[in-house]
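Chain by chain, the residues run as shown.
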Amino acid sequence: MEWTMLLLAGGKSSRMGVNKALLTVGGVVNISRVASELKKVSENIMVITNTFEEYHFLQLPLIPDLHKDQGPLGGLHAGMTSSKTELQFLAACDMPFVSAAAIKDIITHYEPGFDAVIPEINGRLQPLFAVYHKRCLPVLTECLLKHELKMSLFLEKISVKIMKETDFTLYRENPEHFHYLFFNMNTREDYQEADYIDQTELYIKDGRHEL
């Protein structure tokens, strides 16, 4: 089964004050960290952004929003519209500790008949690190046209398979550090915490701190 990896690089980073995708964690640009994990799953990656000049260094296809300033739903819409595959994995650029193993776990849990597979971690859905089938594109388009931009409203209209922590191989192997996979950076304090986690909580593998 073929997959397209959609990497969201949009967002105004208003709470951070700077482009969080281009911040470095452990000496590596944040969006590069995420892209490297996606590449371990599929070479078919698209970066969703309206500022091409900032991301040419990734040497990946850059896709603009068709519905601009519509948040993550606009980015998902652009990616699914451009994708040539039925299934896509959506990843945000502000999660520095994601891993290919976790992505593969989520993909493995996809079942025909569902429109999405979304992890629920500590009682919170993680729709920006999830699987989406292209057949939910008409519903997504309708949400955008109606300016219903909350991800929760979109998810209510499609068939979602929820994936719990205990469904992850990494949770069973390393429950103490598993939650770091879903750590995302929205503020300066989050960024400082990410650096601390990288240096003190994770072990070094292939020259990089990982779970």
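Bear in mind that the values here come from a model prediction, so they are computed numbers and not experimental data. (Residues numbered from 1 in each chain as written. Predicted model: local features only at pLDDT ≥ 70, side-chain atom pairs only at ≥ 80, totals over all residues. Heavy atoms only, no water.)

A closer look at the packing of aromatic side chains
Inference 1: Inspection of every chain in the model, using the stated rule, returns nine aromatic pairs.
Inference 2: On the basis of an interplanar angle of 90 degrees and a centroid distance of 5.0 Å, the ring pair of Phe89 and Phe129 is categorised as edge-to-face. Here Phe89, found in strand E6 (residues 87-92), pairs with Phe129, found in strand E9 (residues 129-133); they are 40 residues apart in sequence, far enough to count as distant.
Inference 3: Since its relative accessible area comes to 0%, Phe89 is described here as buried.
Inference 4: By way of ring pairs, the aromatic residues Phe89, Phe129, Phe168, Tyr171, Phe178 and Phe182 are connected into one cluster. (Phe/Tyr/Trp six-rings, centres within 6.5 Å; stacked < 30°, edge-to-face > 60°. Helix = DSSP H or I, 4+ residues; strand = E, 2+ residues; numbered from the N terminus. Buried < 20%, exposed > 50% of the residue type's maximum accessible area, 1.4 Å probe, protein only.)

Looking at unusual backbone geometry
Inference 1: Even without a glycine there, the phi angle at Asn122 is positive, about 50 degrees.
Inference 2: When you line up the elements, Asn122 lands in the loop between strand E7 (116-121) and strand E8 (124-125).
Inference 3: Residue class for Asn122 comes out exposed when judged on its relative accessible area of 62%.
Inference 4: Of note in this structure, His147 is not a glycine but carries a positive phi near 60 degrees.
Inference 5: Structurally, His147 can be placed in the loop between helix H4 (137-145) and helix H5 (151-156).
Inference 6: Among the residues examined, His147 registers a relative accessible area of 59% and is labelled exposed.

Focus: the nonpolar core
Inference 1: Core analysis: the biggest nonpolar cluster contains 37 residues, and Leu7, Ile31, Leu38, Phe89, Phe129 and Val131 have the highest contact counts within it.
Inference 2: Looking at this core, the elements with two or more residues in it are strand E1 (3-8), helix H1 (30-39), strand E4 (45-48), E6, helix H3 (100-108), E7 and E9.
Inference 3: Those residues in contact with Phe129, other than ones at most four positions away along the chain, are Phe89, Leu90, Ala91, Met95, Val98, Ser99, Ala102, Ile103, Ile106, Pro119 and Phe182.
Inference 4: If you look at the next biggest cluster of nonpolar residues, it comprises 23 residues, including Met80, Leu90, Leu137 and Leu155. (Core = buried A, V, L, I, M, F, W, Y, C linked by side-chain atoms within 4.5 Å. Contact = heavy atoms within 4.5 Å.)

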